[in-house]
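Fold and contact review
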Amino acid sequence: MQKVPLMDYVGNPLLVCLFIILLGLQWRFPLRRQHFSVLHRLVRNFVLSIPGFVIVRLAMLPIPIAIAMWAQNRHIGLLNWIHLPTWFVFIATFLLMDYAYWWWHWAMHMVPFFWRFHNVHHTDLDLDVTTAARFHFGEMILSIGFLSLAVVLFGIGPMMLIVFFLTFEAATMFHHSNWRLPIRLERVLNLILVTPRMHGIHHSIVQRETNSNWGTMFCWWDSLHRTLRRDVPQDAITVGVAAYREENELTLGKLLALPFRAQREWRLPNGEIPERQPQPAEKLAE
């Protein structure tokens, strides 16, 4: 396996340290009350993520990096067509790629075939930093094609791609965490970034709330597309997917098989559709 020094020797250790720090912070300052065993979920989410981690390391990074090198050598893609200062290319890479991922996340929810795989991520009955690793390997495979296409279209350089990928993964862990930041601090951060309270709304069993807050790093894209929700208090959120509310339906084997089985309608097991009365737009709710 070819080494990716920046990822293998710098990126991965930093991401592991961040995961451990967020695990400690969410234990010390929890945002939402946890309903299920943290240890049980940690083990299940970690084991479920192993095939995805392997795919990321063997294909999801090496293939787009190789494509980025090919595109750079042949001057293919937007940022390879125009000569810009390095600082501008850095900013443009983050804006273009994060916006592209907004659309990818939208597609994961709105395209039924993609939702089959992304559904596994959303079926977690609690939400914390371990959920950031809970992705079906099929979604990782699909992401290789998306990431490769974005790299070619935008002309993302290999080094910029790795830096973006590391930052993207760190942002994913941060906004999935169950860390209760001081509300004033989070409101300031949420002027730019996706925060734990904001992303918590995205994991609600109320479908209107799930179909909002699709951003990963920057919250601007949801503002642009009028999909930004910041008006739901965290203690009013029930995390998960309405149709999958039983622990015995979310075992490791059933989660791996979930994309290949018939998908249920967005209803609770008793047939009700979870709903909440629309609220006036507010600052980020506590």
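Everything below is about the structure printed above this text.
It should be emphasised that the depicted structure is a prediction, and the values quoted were computed from it without experimental measurement.

Core analysis: the largest hydrophobic core is formed by 47 residues, its most contacted members being Met60, Met97, Tyr101 and Ile156. Breaking this core down by element, the ones donating at least two residues are helix H1 (5–28), helix H2 (38–60), helix H3 (62–73), helix H5 (86–110), helix H7 (137–154) and helix H8 (158–176). Take this core: its biggest share by element is 10 residues, from H5. Residues within four places of Tyr101 in sequence aside, it is in contact with Met60, Phe146, Leu147, Phe164 and Phe168. If you look at the next biggest cluster of nonpolar residues, it comprises 13 residues, including Val241, Ala242, Tyr244 and Leu250.

Turning our eyes to something else, we now look at the packing of aromatic side chains. A complete count under the given rule lists 21 aromatic pairs for this structure. Seen in terms of ring centroids, Trp104 and Phe146 are 4.8 Å apart; in terms of plane orientation they differ by 10 degrees. Their pairing is stacked. Of this pair, Trp104 sits in helix H5 while Phe146 sits in helix H7; the two residues are 42 residues apart in sequence, bridging distant segments of the chain. You'll find Trp104 and Phe146 in the same group, each marked buried. Through pairs of rings, three or more aromatic residues link up here, namely Phe90, Phe94, Tyr101, Trp104, Phe113, Phe114, Phe117, Phe146, Phe164, Phe168 and Phe260.

Where helix H6 (residues 112–122) contacts H7, the two axes come as close as 7 Å, and the packing angle between them is 130 degrees. When the interaxial angle is binned, H6 and H7 end up oblique. Crossing handedness for the pair H6 and H7: left-handed. Touching Phe113, Phe114, Phe117 and His118 of H6 are Gly138, Glu139 and Leu142, all from H7. The residue makeup of the contact of H6 with H7, split by class, is four nonpolar, two polar and one charged.

About the cut-offs
- Residues numbered from 1 in each chain as written.
- Predicted model: local features only at pLDDT ≥ 70, side-chain atom pairs only at ≥ 80, totals over all residues.
- Heavy atoms only, no water.
- Core = buried A, V, L, I, M, F, W, Y, C linked by side-chain atoms within 4.5 Å.
- Buried < 20%, exposed > 50% of the residue type's maximum accessible area, 1.4 Å probe, protein only.
- Helix = DSSP H or I, 4+ residues; strand = E, 2+ residues; numbered from the N terminus.
- Contact = heavy atoms within 4.5 Å.
- Phe/Tyr/Trp six-rings, centres within 6.5 Å; stacked < 30°, edge-to-face > 60°.
- Axes fitted to C-alpha atoms, helices over the stretch in contact; angles between N-to-C directions.
- Parallel < 35°, antiparallel > 145°, perpendicular 65-115°, else oblique.
- Left-handed = near helix turned anticlockwise from the far one by under 90°.
- Nonpolar A, V, L, I, M, F, W, Y, C, P; charged D, E, K, R; others polar.

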